[in-house]
Structures are given as C-alpha cells and as structure tokens.
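Architecture at a glance
Here are the chains, one letter per residue:
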Amino acid sequence: MEVARTLSSELHPRALEDRNFTAALKWLGWRTWERTGLEVRVEANESVDPGSSGMRAFVFQAIRELLMNVVKHANTDVAWVRLRREHGWLVFEVEDYG
C-alpha cells in the first residue's frame, strides 16, 4: 500500500493542487535537490499557470523528466527551470551547463 501511495504522490503530487504552479515547481526543485543533489532554480512569474488540472500535471511531469535527464546525463549540480507566456503560448525551458 505504501508503494502505491508513493507512486501516486510522485505522478500527481499534492503540491499541484495546494499551491500555484510556480510554487509547485519550486517544491519539485526542492524534492529534486533532496533526492539527487541537483540544485534547481525556478524562474517564473507567480501568475503563469498551464490552466486545467490535466495540463498542469502534464507540464509538471515533463519538467520533472527533463530534470531527471539533467541528473543522469549533464554532469552538473545546477539547473534552471523557466516558465513564461509568450504570444499566448506557455513556454518552459530546462537549462543546465553540463
């Protein structure tokens, strides 16, 4: 039962429901640092939000996967997550110097 709870929490963490999206990304950065040692710097306007619950989960998981790729392949200890609206589009970037 504990494994199921952990998996569920990893796939759709409570931070997505309890916080604005920028705060949820900062939580993800903290969790990533806690688990892997990768420092994640989040740059996002507090008002930028992907919208629906499904889109929030999709973008959150995409950024989480990109951060895991940084951990696995970049050989660096810091990464940046940037989120913004540009010409009506939601734009997110994950950058590292590895």
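In this text the structure is predicted, and so the values were computed from the model without any measurement.

With that out of the way, let us pick up the overall build of the chain. Helices and strands together make up the secondary structure of the chain, namely four helices and three strands. When the helices and strands of the chain are placed in sequence order, the string is α-α-α-β-α-β-β. Looking at the chain as a whole, 32% of its 98 residues are labelled buried. Taking as baseline every contact in the chain between residues at least 6 positions apart, the subset at least 24 positions apart corresponds to 63%.

This next bit is on the confidence of the model for the chain. Looking at the chain, the pLDDT average stands at 87 and 88% of residues meet or exceed 70. Counted against residues more than four places away or in other chains, residues 3–8, with its pLDDT under 50, gives zero contacts.

Counting residues in hydrophobic clusters, the biggest one holds 20 residues, and the most contacted among them are Phe21, Leu25, Phe60, Ile63, Leu67 and Val81. At the level of elements, helix 2 (15–18), helix 3 (21–36), strand 1 (39–44), helix 4 (53–73) and strand 2 (78–86) are the ones that each hand at least two residues to this core. Among the elements that line this core, the one with the most residues is helix 4, at six residues.

This model, assessed by the stated rule, comprises nine salt bridges. Among the salt bridges present, the one from Arg31 reaches Glu34, with a minimum N-O distance of 2.8 Å. On the criterion of helical spacing, the pair formed by Arg31 and Glu34 is a turn pair, its members being three residues apart in helix 3. In this structure, Glu93 engages Arg84 in a salt bridge whose closest nitrogen and oxygen atoms are separated by 3.2 Å. Given a relative accessible area of 33%, Glu93 falls into the partly exposed group.

What counts, and where the lines are drawn
Residues numbered from 1 in each chain as written. Predicted model: local features only at pLDDT ≥ 70, side-chain atom pairs only at ≥ 80, totals over all residues. Heavy atoms only, no water. Helix = DSSP H or I, 4+ residues; strand = E, 2+ residues; numbered from the N terminus. Buried < 20%, exposed > 50% of the residue type's maximum accessible area, 1.4 Å probe, protein only. Contact = heavy atoms within 4.5 Å. pLDDT = per-residue confidence, 0-100. Core = buried A, V, L, I, M, F, W, Y, C linked by side-chain atoms within 4.5 Å. Salt bridge = Lys/Arg side-chain N within 4 Å of Asp/Glu carboxyl O.

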